[in-house]
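Letter by letter, the chains look like this.
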Amino acid sequence: MSIKPAEYDLRELRRMADEDEPPLDLDADDDERTAEELLRIGQREELVKLQTKLLATGSLPGKPYLTGLPTRYGAEVVVFEWLDFLIEKAGFENTGNALSYYVDIDWLSESAYESLRSYMYGFSETDRFGSAGPASLDTSDHVLSLIYIARLASL
């Protein structure tokens, strides 16, 4: 099944992300959880909080979700954290392709895309990867990107 995020709203995308992941044992102690499980729980909680905040104000965003990078304090840290994750996981070319894809599905505007591409020049790919090289991004990585986009759009 091909997932087309442009055809889903935030609630439906979150539901799909939950279906793709195995159920989490929310009753387990933090010591029993893997780092991956803790990350997924944190991602889901953050997306729910952002969605709840937007629903409470009656202002679910239209597309594109991120029309430009915010100038508020801390926004640059979020941008660097997101790009570092993408580049570390997928390399420069695949990160650029992912950002372009986010424009195609109306998660990002052209202006936001250009700004993010400019930030990418601050990263170096040298010695980032072992012998396996960069991996491609999967559904959970795109969900995490949506969380970063929502974070930036809420600043």
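Look a little higher up for the structure.
The numbers attached to residues start from 1 for each chain and follow its sequence in the written order. Per-residue local features of the predicted model are confined to residues with pLDDT of at least 70, and side-chain atom pairs are confined, for both listing and counting, to 80 or more; whole-chain, interface and lining totals are unaffected and use all residues. In computing side-chain values, all of the structure's heavy atoms are included and hydrogens and water are not.

Enquirer: Any chance you could explain the packing of aromatic side chains here in plain terms?
Expert: Each aromatic ring pair is characterised by the separation of its centres together with the angle its planes make. Note on ring pairs: Phe, Tyr and Trp rings are taken, using the six-membered ring of Trp, and paired if centres are within 6.5 Å. Classes follow the plane angle, with under 30 degrees stacked, over 60 edge-to-face and the rest tilted. Tallied over the full model, the rule gives 5 aromatic pairs. Here a set of aromatic residues connected by ring pairs shows up, and it is made of Trp82, Tyr101, Tyr102, Trp107 and Tyr148.

Enquirer: Any chance you could explain helix α4 (residues 110-120) here in plain terms?
Expert: For the exposure calls, accessible area comes from a 1.4 Å probe over protein chains only, and a residue counts as buried if that area is under 20% of its type's maximum, exposed if over 50%, partly exposed in between. The way it works is that DSSP assigns letters per residue, a run of H or I at least four long becomes a helix, a run of E at least two long becomes a strand, and they are numbered from the N terminus. When α4 is considered as a whole, its buried residues turn out to be Ala112, Tyr113, Leu116 and Met120. The arc enclosing the buried residues of α4, seen along the axis, measures out at 100°, which places them on a common side. It is the directions from the helix axis to the C-beta atoms that the arc portrays.

Enquirer: Could you clarify how one ought to interpret the nonpolar core in this entry?
Expert: One recurring pattern in soluble globular proteins: nonpolar side chains tend to sit buried together. Membership of the largest hydrophobic core comes to 29 residues, with the highest contact counts inside it found for Trp82, Leu99, Tyr102, Leu108 and Ile149. Elements that contribute at least two residues to this core include exactly α3 (75-104), α4 and α5 (139-153). The leading source of residues in this core is α3, at 13 residues. The contacts of Trp82, once residues within four sequence positions are left out, are Leu99, Tyr102, Leu108, Leu116, Ser145, Tyr148, Ile149 and Leu152. We define a nonpolar core as any set of buried Ala, Val, Leu, Ile, Met, Phe, Trp, Tyr and Cys residues linked to one another through side-chain atoms lying within 4.5 Å. Contacts between residues were defined by any pair of non-hydrogen atoms, one from each residue, lying within 4.5 Å.

Enquirer: In this structure, what is going on with the packing of α3 against α5? I would like to understand it.
Expert: Axes are the key here: two packed helices are described by the angle between their axes and the distance separating the axes. Running from N to C, α3 and α5 cross one another at 135°; their axes reach a closest spacing of 10 Å. Between α3 and α5, the crossing angle belongs to the class labelled oblique. At the point where α3 passes α5, the crossing takes the left-handed sense. Across the interface between the two elements, Ala75, Val78, Val79, Glu81, Trp82, Phe85, Leu86, Lys89 and Tyr102 of α3 pack against Asp141, His142, Leu144, Ser145, Tyr148, Ile149, Arg151 and Leu152 of α5. Here an angle of 0 to 180 degrees is reported between the N-to-C directions of two axes, which are lines fitted to C-alpha atoms, with helices fitted over the stretch in contact. Here roughly perpendicular refers to angles of 65 to 115 degrees, roughly parallel to angles under 35, roughly antiparallel to angles over 145, and oblique to all remaining angles. A crossing counts as left-handed when the near helix is turned anticlockwise from the far one by less than a right angle, and as right-handed when that turn is clockwise.

Enquirer: What exactly am I supposed to notice about the packing of α3 against α4 here?
Expert: The N-to-C vectors of α3 and α4 enclose an angle of 110°; their axes lie 9 Å apart at closest approach. With respect to α4, the element α3 is oriented roughly perpendicular. Mapping the contact onto sequence places Glu76, Val79, Phe80, Trp82, Leu83, Ile87, Phe92, Thr95, Gly96, Leu99, Ser100 and Val103 in α3 and Glu110, Tyr113, Leu116, Arg117, Tyr119 and Met120 in α4. Looking at side-chain class alone, the contact of α3 with α4 contains 12 nonpolar, 3 polar and 3 charged residues. When residues are sorted by character, Ala, Val, Leu, Ile, Met, Phe, Trp, Tyr, Cys and Pro go into the nonpolar class, Asp, Glu, Lys and Arg into the charged class, and all the rest, Gly among them, into the polar class.

Enquirer: Help me understand unusual backbone geometry in this model?
Expert: Glycine aside, the phi torsion of most residues is negative, and most peptide linkages are trans. The phi dihedral of Asp106 is positive, around 65°, even though this residue is not glycine. Along the chain, Asp106 turns up in the loop between α3 and α4.

Enquirer: Can you walk me through a negative patch on the surface in this structure?
Expert: Patches draw on residues past 30% relative accessible area with no salt bridge. Two like charges within 9 Å are joined, as are two nonpolar side chains (Val, Leu, Ile, Met, Phe, Trp, Tyr) within 5 Å. Per-residue and other accessible areas follow the Shrake-Rupley method at a 1.4 Å probe size, with only the shown protein chains counted as cover for residues. Any carboxyl oxygen of Asp or Glu within 4 Å of a side-chain nitrogen of Lys or Arg constitutes a salt bridge here. Charged residues are defined here as Lys and Arg on the positive side and Asp and Glu on the negative side; His and the ends of the chain fall outside this count. A charged residue contributes its charge at one atom only: NZ of Lys, CZ of Arg, CG of Asp or CD of Glu. Taken together, the side chains of Asp104, Asp106, Glu110 and Glu114 present a region of like negative charge at the surface. Turning to its location among the elements, Asp104 is positioned in helix α3.

Enquirer: Any chance you could explain α3 here in plain terms?
Expert: An α-helical turn contains 3.6 residues, so any two residues separated by three or four positions project in the same direction. Between its first and last C-alpha atoms α3 spans 23 Å; for 30 residues at 1.5 Å apiece the expected length is 44 Å, and the helix comes up short by more than 12%. Throughout, bend refers to the angle between the axes fitted to the seven residues that end at a position and the seven residues that start at it. The axis of α3 is deflected most strongly, by about 115°, at Gly91. For a helix, the expected span equals 1.5 Å multiplied by the number of residues minus one.

Enquirer: Honestly, the environment of Tyr101 in this entry has me stumped. Any pointers?
Expert: Summarising the element assignment, Tyr101 is placed in helix α3. Residue Tyr101 is classed as partly exposed on the basis of its relative accessible area of 30%. Each C-alpha atom, one on Tyr101 and one on Tyr113, is 10.0 Å from the other, the two residues being 12 residues apart in sequence.

On their own, these measurements won't tell you what the molecule is for.
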